[in-house]
Amino acid sequence: MTSYLKLAAKNILRHRTRSLLTMLGIAASVGVLFAVLSFNKGFTEGLALELERTGLHFMIVPSGCAHEVAALVLHGAVIPKFLDTGVMEHVERTEGIDLATPILVAQLPDRQRGKIDLIYGIEMDVLEAIKPGWEITGTVPRHEHEVLLGYEVAQHDNLKPGDPFSSPAEGVDLVVAGIVGYSGSQDDAFVYLPIKTAQSLLGYPQSATAIGVKVDDPTRIGAITASLTSAVPGIQIVTMSEVMNSVANLAAAARALSLAIVLIAILISAVGVMNSILMAVFERTQEIGMMRAVGASRWDIFRIILSETTILALVGGVVGIVLATLGARLIETFVRSVMPFVPSGDMIRFEPIVALGSVAFIFVIGLCAGIYPAVKASKINPVEAIKG
Amino acid sequence: MIELKNIEKTYRRGVENVRALRGVNLTIDAGELMAIVGPSGAGKTTLLHILGCLDQPTKGEVVFDGISTASMPESQLVKIRREKIGFVFQQFYLIPGLSVFDNIALPLLFSKKPAEHKKIEQLAEMVGLEHRLNHAPSQLSGGEMQRTAIARGLVNDPAVLLADEPTGNLDSENSEKIYAILRRLSDEGLTTIMITHNPELAGRAERTIKIRDGLICS
Ligand SMILES: Nc1ncnc2c1ncn2[C@@H]1O[C@H](COP(=O)(O)OP(=O)(O)O)[C@@H](O)[C@H]1O
Ligand SMILES: [Mg+2]
C-alpha cells in the first residue's frame, strides 16, 4: 500500500455503480458550470466579431426606436416608423462618411395570397457581410427583381429557386433567387430583397427604417454623430458599441440566472456525494475499527474518507469538462433555439483558465462535502466496531 | 513486559452498568504463548483490547515495558499500537478491494513506513501464502484469510501479537495451521496471546488463564 489516495481509490471502486452515479451527478453540474462560464466569453467575442463584420459603425433610426436597433442589426425587426426621406441626402452630404446604406424592414400586405410578408430591403453585399453564416440554396439576388426567402417562407409556399414570387405591386414580377437554410431564428420568416425594390414595392422610393453608416476614420465617430444629430431633426444614432453593450448586458443577465441554477445543481450533487460516502462509511464501520486497531489514528481515518470524496469530485469535475467540451456543439444548438441574438461561430471554446477554475471550485466543494462523513468515520469507536 | 494492575472496566448499557472486568491482575512475560479461555461474555475481549491499548480501563493501570499508559493521550496510544501490537480478529477484517499483498502492507501506511516487497513476501511465505499475494480476499479460503490477517498483524514487527478467537471461524485442519504459526512465532520470541474456545489448543499453550465474570479464576 503506497498511499491514502490509492486506498481511497480502491474503496471507491468497491461500489462501482454507486460511485459512477454520484460522479456523473458531479460531472453534469460541473460540465454545465464550465459551459455557462465559457459560453459568456465565446458569446461576447462572437457578438463583437459579428458586429464588426457588418462593417458599419453606427445606425441612424427614427428617434425613439433605439431599443429595436440591436434586434434590427442582428436579425431584423419591424420598426414602426420610417426615417424621413431627406435624411439619406443629409447623411450622404456629411463629411467623413465612407458608406451609408439604407435598411428597410416592413410588413407588406399581399391581398392575393391573403397574407402579410415581412420584407427586409438592404444592399445585397451588406447583407452578405452581416450574415456570413447563412447557407443559401441558389444565389443571393443579383438583379432588381430577385428575392431571397427565409426558410419558413419558402416552406410555407413550397417555393424553390427559379420560381416566381407573387408580388403585391402591379407590373412587378419577382423571382426567387435563393433560399436561406434553416436557422431556427427569426431569419426564417423574412423575404430579403434589394433595397430599391423594397422601397418601390412599399411605394416610398426614399424610405428607410434605418441607415447603416460606415465612417472613414472610426476615431471621429463621436464628432460625426454629434453633427448629424444636431443637423437632422427626428433621428437618433445608435453606435455598434452601444448595441454590443445592450446585448452583452442581456447575455450577462441570462448568465447570472444560469449560474444561480448551476450552483444549486452543484450543491445537490455535493449532497449526493456526501450521502454516498456516508453510506460507505457506515457499511465499513468494522473495517474502520480494524484500521484503528492496526495503527490508524483518527486523523488517518479522516484523511482516507476525505480523499474518497475529493477523488469523486475531482474525477467528476474533469469528466464534466471533457463532456462539455465534446458536447459543446450540442449545447450551442440548444442555446440558439432558446436565446435571441446568438452570434454565429463557436460560442463554447475550451479555455484552460475556466476549466481549471471549475475543477478547483468542485475540489473545494468536494472537500466541504467530505468533512462530515470524514468526521463521522474518525469518531467511530474501534472497540464497539470490532466486537469479537 | 506487560503488567495489568487491578484492572476494572465498566460499560454503560442504557441505565445499567456492565462490569466487564472486576479487578484483573496479570503479568505477561516476553516470548510466552498464552491462551485466554472462559465463557462467552466473561470479559476476554475487553481484556485483550485493554492489553492492546485499544481501550482504556475504568480503573487500574496497564504498564507497558515499565511505562504506565494510564495518563497517555490517544496519540501516544496509537503509537504503541503501531509499534508494539499486532491484532488478529475472529472475522479477519480484510479489505475486499485490496490484494493480499496490500492487505498485509496496510498497517505500514499508518506507521509511515515503505512497503518493501521483500518484507511482505517473507511474511507471506511464513504464513504459506507466497503464491497468493496478488489474489483478492474473496478468492481465499477462511484459513488463508486468517493467515493473511496474521501476516498483517506482524508487518510492523510488534512485540506482542493479540489474537481474539483466531480459529473461531475455521475448521480443525485450518485451526491447526493457525496454531502452528502462532506456536512458531512464540518459539521465535514473539509474545503471543490468544483467546480461544478450543480446549485442545488452549491445553497446548505454555500458560492458560481462565476468566469468569470479569475475574481471572485460574
Ligand atoms: N461496548 C460495550 N458496551 C456495553 N457493554 C459491553 C461492551 N463491550 C462488552 N460489553 C459487555 O461486557 C461484557 C464482556 O464482554 P466481552 O469482553 O466481549 O466478553 P467475551 O469476549 O469474553 O465474550 C459482556 O457482558 C458484554 O455484553
Ligand atoms: Mg469476545
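Shown above is the structure to which this text applies.
What comes next is a walk through the structure. (Residues numbered from 1 in each chain as written. Chains lettered and ligands numbered in written order. Predicted model: local features only at pLDDT ≥ 70, side-chain atom pairs only at ≥ 80, totals over all residues. Heavy atoms only, no water.)

## Some words on the packing of helix H5 (residues 142-154) of chain B against helix H6 (residues 172-187) of chain B
All names here are of chain B.
(1) Moving on: The N-to-C vectors of H5 and H6 enclose an angle of 20°; their axes lie 9 Å apart at closest approach. In this view, H5 runs roughly parallel relative to H6, as classed from their interaxial angle. Relative to H6, H5 is oriented so that their crossing is right-handed. Here H5 contributes Gly143, Gln146, Arg147, Ile150 and Leu154 to the contact with H6, which in turn contributes Asn174, Lys177, Ile178, Ile181, Leu182 and Leu185.
(2) Moving on: For the contact of H5 with H6, the class distribution of residues is six nonpolar, three polar and two charged. (Axes fitted to C-alpha atoms, helices over the stretch in contact; angles between N-to-C directions. Helix = DSSP H or I, 4+ residues; strand = E, 2+ residues; numbered from the N terminus. Parallel < 35°, antiparallel > 145°, perpendicular 65-115°, else oblique. Left-handed = near helix turned anticlockwise from the far one by under 90°. Contact = heavy atoms within 4.5 Å. Nonpolar A, V, L, I, M, F, W, Y, C, P; charged D, E, K, R; others polar.)

## Side note on the interface of chain A and chain B
(1) Moving on: Contacts between the two partners involve 28 residues from chain A, matched on the other side by 30 residues from chain B.
(2) Moving on: A combined buried area of about 2,400 Å² lies between chain A and chain B, and 65% of that area is made up of carbon and sulfur atoms.
(3) Moving on: There are four salt bridges connecting chain A and chain B.
(4) Moving on: Here aspartate 102 of chain B ties to lysine 6 of chain A by a salt bridge, and the two come within 3.2 Å at their closest N and O atoms.
(5) Moving on: Inspection of the region where chain A meets chain B yields eight residue pairs in polar contact (both at pLDDT 80 or more).
(6) Moving on: Counting residues per element, the ones that place at least two in the side of chain A that touches chain B are helix H1 (4-13), helix H10 (285-293), helix H11 (298-326) and helix H14 (382-385) of chain A.
(7) Moving on: It is H10 of chain A that provides the largest number of residues to the side of chain A that touches chain B, a total of six residues.
(8) Moving on: Grouping the amino acids of the side of chain A that touches chain B by side-chain chemistry returns 13 nonpolar, seven polar and eight charged. (Buried area = accessible area lost by both parts, 1.4 Å probe. Salt bridge = Lys/Arg side-chain N within 4 Å of Asp/Glu carboxyl O. Polar contact = N/O pair within 3.5 Å; in protein donor to acceptor, adjacent residues only side chain to side chain.)

## Concerning unusual backbone geometry
All names here are of chain B.
(1) Moving on: Of note, aspartate 65 is a non-glycine position whose phi angle comes to about 50°, a positive value.
(2) Moving on: Mapped onto the elements, aspartate 65 comes out in the loop between strand S4 (59-64) and strand S5 (67-68).
(3) Moving on: The phi dihedral of tyrosine 93 is positive, around 55°, even though this residue is not glycine.
(4) Moving on: With respect to the helices and strands, the residue tyrosine 93 is situated in the loop between strand S6 (85-88) and helix H3 (100-110).

## Digging into the nonpolar core
(1) Moving on: Residues Met291 of chain A together with Leu4, Ile36, Leu106, Phe110 and Ile193 of chain B are the most contacted members of the largest nonpolar core, which totals 81 residues.
(2) Moving on: If you look at the next biggest cluster of nonpolar residues, it comprises 37 residues, including Ile104, Leu129, Leu182 and Leu201 of chain B. (Core = buried A, V, L, I, M, F, W, Y, C linked by side-chain atoms within 4.5 Å. Buried < 20%, exposed > 50% of the residue type's maximum accessible area, 1.4 Å probe, protein only.)

## Brief notes about the site of ligand 1
(1) Moving on: The immediate surroundings of ligand 1 are formed by 14 residues, with Gly41, Gly43, Lys44, Thr45 and Thr46 of chain B found nearest.
(2) Moving on: At the site occupied by ligand 1, the surrounding residues belong to chains A and B.
(3) Moving on: Here alanine 42 of chain B contributes a backbone N or O atom positioned 3.2 Å from an oxygen atom of ligand 1.
(4) Moving on: A distance of 2.5 Å separates an oxygen atom of ligand 1 from a polar atom in the side chain of threonine 46 of chain B. (Near = heavy atom within 4 Å.)

## Notes on the pattern of salt bridges
(1) Moving on: Here the structure, examined in full by the defined rule, presents 24 salt bridges over all chains.
(2) Moving on: Where glutamate 287 of chain A meets arginine 14 of chain A, a salt bridge forms, and the shortest distance between an N and an O atom there is 2.9 Å. With a gap of 273 residues between them, glutamate 287 of chain A in helix H10 and arginine 14 of chain A in the loop between H1 and helix H2 (16-53) connect regions that are remote in the sequence.
(3) Moving on: In this structure arginine 14 of chain A comes out as partly exposed when scored by relative accessible area, which is 25%.
(4) Moving on: For aspartate 300 of chain A, the salt bridge goes to arginine 82 of chain B, with nearest N and O atoms at 3.0 Å. With aspartate 300 of chain A in helix H11 and arginine 82 of chain B in helix H2 (residues 74-84), the pair connects residues from two separate chains.

## Looking at the sheet that holds S4 of chain B
All names here are of chain B.
(1) Moving on: Reading across the sheet, the four strands line up as S2-S1-S4-S5 and stay open at both edges, with antiparallel pairing between neighbours. In the strand order of this sheet, the two ends are held by strand S2 (16-28) and S5, each with one partner.
(2) Moving on: Sheet topology places S4 next to S5; two bridges connect them, and they run antiparallel. Note that in S5 the partner of phenylalanine 64 across the bridge is isoleucine 67.
(3) Moving on: Across the face of the sheet, helix H1 (residues 44-51) comes into contact with strand S1 (2-13), S2 and S4 while running at roughly 125° to S1. (Pairing = 2+ DSSP bridges.)

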